[in-house]
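This is what each chain is made of:
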Amino acid sequence: MFFYKRMAAMILFLLIACLCFAACGEKKEGKVIITEQEFSIRQDAEYNWVVDAKGKIRNVGDVDVKKVVVTGYCRSCGDVLSAGIWFRNNVEKTSEQKDVISYLTAGDEEEFSFRELAFYFMPGGPGPEGKMPDNLEVVVESFETVDG
């Protein structure tokens, strides 16, 4: 009887040790990068122009990801609406100003696009004449990893 109790205690100890080692194992991470980005100027109204963005993102992480939010920033644009100068909107991004990729498996690539990254207006004068603002960037704002 004493032998069986000792054997059961030893098996229980080994089981707990194995679970501890498994829990301390390396956690897999999700990582999403921008692989392509392209910006274009579009005339929005008679005296208004906007910059739109499109490109591709790739999941280079170990796990699948979901709810990937891609948006952009114009770091050189001003904060105040002024004629003849590119400016940005400083309030929270609208659904037009970001793209949400619902699911992206590990190793896969997906296209994104969003509008109104930067704004320009010139009443009665010429437009930006194809001159893109400086320091435009596309960023992955957030994503969630899929537990597997």
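Every chain is numbered on its own, with residues counted from 1 as its sequence reads. Residue-level local features of this predicted model are given only where pLDDT is at least 70; pairs of side-chain atoms are given and counted only at 80 or more, and the full residue set underlies all totals for whole chains, interfaces and linings. For side-chain calculations, the full set of non-hydrogen atoms in the structure is used, while hydrogens and water are omitted.

K.L.:
Let's hear about the state of the cysteines: which residues, and what values?
P.N.:
Covalent bonding between the sulfur atoms of two cysteines defines a disulfide. The criterion for a disulfide is a pair of cysteine sulfur atoms lying within 2.5 Å. Inspection of the entire model under this criterion finds one disulfide. Each sulfur of the disulfide joining cysteine 74 and cysteine 77 lies 1.9 Å from the other. With the S-S dihedral at roughly 75°, the linkage between cysteine 74 and cysteine 77 falls on the right-handed side. Judged by its relative accessible area of 2%, cysteine 74 is buried. The rule is simple: take the accessible area with a 1.4 Å probe, protein chains only, and divide by the maximum for that residue type; under 20% is buried, over 50% is exposed, in between is partly exposed.

K.L.:
Describe the sheet that holds strand E6 (residues 136–145), with residues and values.
P.N.:
At least two bridges found by DSSP between two strands are what make those strands a pair. A run of H or I in DSSP counts as a helix once it spans at least four residues, and a run of E counts as a strand once it spans at least two, with each numbered from the N terminus. The strand order E4-E3-E6 describes an open sheet built from three strands, whose pairing is antiparallel. Both edges of this open sheet fall to strand E4 (98–104) and E6, since each of them pairs with a single strand only. Between one strand axis and the next, the sheet turns through 20° on average, direction left out of account. With eight bridges joining them, strand E3 (residues 65–74) and E6 adopt antiparallel strand pairing. Pairing of valine 65 across the sheet is with threonine 145, part of E6. For helices, the fitted axis covers only the stretch in contact; all axes are lines through C-alpha atoms, and the angles between them, taken along N-to-C directions, range from 0 to 180 degrees.

K.L.:
Tell me about the packing of aromatic side chains, and please be specific about residues and values.
P.N.:
Classification of ring pairs uses Phe, Tyr and Trp, with its six-membered ring standing for Trp, and accepts pairs whose centres are within 6.5 Å; under 30 degrees between planes counts as stacked, over 60 as edge-to-face, and the remaining range as tilted. Within this structure, the stated rule accounts for four aromatic pairs. Plain terms: the ring middles of tryptophan 86 and tyrosine 120 are 5.1 Å apart, the flat faces sit at 50° to each other, and that makes the pair tilted. Placement of the pair is tryptophan 86 in the loop between E3 and E4 and tyrosine 120 in strand E5 (residues 109–121), with a sequence separation of 34 residues. Judged by relative accessible area, which is 9%, tyrosine 120 ranks as buried. An aromatic cluster of three or more residues is present, and its members are Trp49, Trp86 and Tyr120. One cation-aromatic arrangement involves lysine 93 over tyrosine 73; the distance from NZ or CZ to the ring centre is 4.5 Å. Our definition puts a charge over a ring when NZ of Lys or CZ of Arg is within 6 Å of the ring centre and also within 35 degrees of the ring normal.

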